Every structure is written in structure tokens, then in C-alpha cells.
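Residues per chain, in single letters:
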Amino acid sequence: MTPADEILDIVDEQDEVIGQAPRGEAYARGMRHRCAFILVRDAQGRIFVHRRTPTKLVFPSLYDMFVGGVVGAGESYDAAALREAEEELGVSGLPQPAPLFKFLYESGDQTWWSAVYEVRCELPVNPQAEEVAWYDFLPPEELERQLTEWEWTPDGLAAYERLRAHGAG
């Protein structure tokens, strides 16, 4: 099964499930679905930052300060957050990411409910080569400096701005 074939819950403006569709169709038709965003810090408080691979369905080759992805059909945000964080970081035994807040991301024909989490990862990471082209743990000040220098995923940037306003960033 390819990522485009993964079945997602389609949701309304209140984040209530109204149907299901394959990921590829949901993206192509701008159907609202669910995503989990996880800010990962190491033992020194540095933030995991990565550049997405050019083969990603959405926002290829852009930088992101979150790991994460779509919530599968019938999956909870919490389960998706742990699964996605472990998959993208290439670790197992990560603590359950702590939920921070949720917001509706809307840009053009793209829209998804976004649950934002934070987790500390003290394990050695081995990110998925098919997801992550480059990565590093950056001190928060360095991440702030790169916000205007690198091209970021627009949904990740929207989540990060809300995180800073939320007081957790």
C-alpha cells in the first residue's frame, strides 16, 4: 500500500467524522482530515528540525520543525502522535507526546485539523530516509534565526506561530 492509498477520516468544521477517503483523494479534492504535529526536543532542549524529501505528497523538500503526519481512519490523535513521532525519528519506546492544543489549518484548497504535541526524545534518532532528507537538533535561538532564511512547510509554520503564542515554544 502506498501513502496515497492510506484511508483517512474526513471531518467537518467541528472535527466530527463525516466520511472516509484514501489520502491521495483527500489531498486532490481538498477534503478536511486530521494531522498530528509533534515538536521534539532532545535532552538539551534543542528542537528536531528536518527537510522533507522531494518525494513527499505535500510540501516536498521544505523544512519543518515538527514531525508528524496524517491521522489514520479510526485512529486517535494521541495514537497518531506517538506512531508518527517514532516512525519519523526511527525510534521505539518514546514517551507519549503531551497534547498542547488543536487548530484548523486552512490555506487555499488545503485544510486539516492539526493537533500539536511536544515530546522529549533522549534516544538516538535514525530518521526515515523516505521522509527526512536532512535533520539536526537546533537550539531554539538558531531555529528562530532560520525562520526567515529557510523555506518552511506552511502548516508547520502556522503551528509554530501558534505554539509561540501559546507560551510553550
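Look up a bit, the structure's there.
For the structure given in this document, a descriptive report is provided here. Worth saying up front: this structure is predicted, and the values here are computed from it rather than measured.

Turning to the pairing of strand β8 (residues 110-120), a few remarks are in order. Within β8, nine of the eleven residues are buried, which leaves the element mostly enclosed by the surrounding structure. Inspection of the sheet shows strand β3 (residues 33-41) paired to β8 by nine bridges, in the parallel sense. Bridge pairing in β8 places Arg34 opposite Trp113. Two elements, strand β7 (residues 98-107) and β8, share nine bridges in a ladder whose sense is antiparallel. Across the sheet, Glu106 pairs through a bridge with Thr111, a residue of β8. Adjacent in sequence and paired antiparallel, β7 and β8 are bridged by two residues, among which Gly108 carries a positive phi angle near 60°.

Scanning the entire structure with this criterion turns up twelve aromatic pairs. Where Tyr63 meets Trp152, the ring centres are 5.9 Å apart and the plane angle is 55°; that geometry is what we call tilted. With a gap of 89 residues between them, Tyr63 in strand β5 (residues 63-64) and Trp152 in the loop between α3 (140-146) and α4 (154-166) connect regions that are remote in the sequence. Each member of the pair Tyr63 and Trp152 is classed as buried. Through pairs of rings, three or more aromatic residues link up here, namely Phe37, Phe66, Phe101 and Phe103.

Moving on, we come to the nonpolar core. Within the largest apolar cluster, 30 residues are counted, with the highest numbers of intra-cluster contacts made by Met65, Phe66 and Leu143. Those elements that place two or more of their residues in this core are β1 (7-11), β3, β4 (47-52), β7, β8 and α4. Sorting elements by how many residues they give to this core places α4 first, with four residues. Setting aside its immediate chain neighbours within four residues, Phe66 contacts Phe37, Ile38, Leu39, His50, Val116, Gly156, Ala159, Tyr160 and Leu163. Ala36, Ala81, Trp113 and Tyr117 belong to the second-largest nonpolar core, a separate cluster that totals 21 residues.

On to the side chain of His50, then. Along the polypeptide, His50 turns up in strand β4. Those residues in contact with His50 that sit more than four places away from it in its chain are Leu62, Tyr63, Asp64, Phe66, Val67, Glu88, Val132, Trp134 and Tyr135.

Unlike most non-glycine residues, Asp15 shows phi in positive territory, near 65°. Look at Phe59: it is not a glycine, yet its phi comes out positive at around 55°. Within the element layout of this structure, Phe59 appears in the loop between β4 and β5. The buried category is assigned to Phe59, whose relative accessible area is 12%.

This part is about the pattern of salt bridges. Evaluated as defined, the whole model comprises 14 salt bridges. The shortest N-O distance in the salt bridge between Arg32 and Glu106 comes to 4.0 Å. In this pair, Arg32 sits in the loop between α1 (23-28) and β3 while Glu106 sits in strand β7, placing the two residues 74 residues apart along the sequence. Under the relative-accessibility criterion, Arg32 is labelled buried at 14%. For Glu106, a relative accessible area of 53% gives the class exposed. One salt-bridge network, in which partners are shared between bridges, spans Glu75, Arg83, Glu84 and Glu87.

Scoring rules and cut-offs
- Residues numbered from 1 in each chain as written.
- Predicted model: local features only at pLDDT ≥ 70, side-chain atom pairs only at ≥ 80, totals over all residues.
- Heavy atoms only, no water.
- Buried < 20%, exposed > 50% of the residue type's maximum accessible area, 1.4 Å probe, protein only.
- Helix = DSSP H or I, 4+ residues; strand = E, 2+ residues; numbered from the N terminus.
- Pairing = 2+ DSSP bridges.
- Phe/Tyr/Trp six-rings, centres within 6.5 Å; stacked < 30°, edge-to-face > 60°.
- Core = buried A, V, L, I, M, F, W, Y, C linked by side-chain atoms within 4.5 Å.
- Contact = heavy atoms within 4.5 Å.
- Salt bridge = Lys/Arg side-chain N within 4 Å of Asp/Glu carboxyl O.

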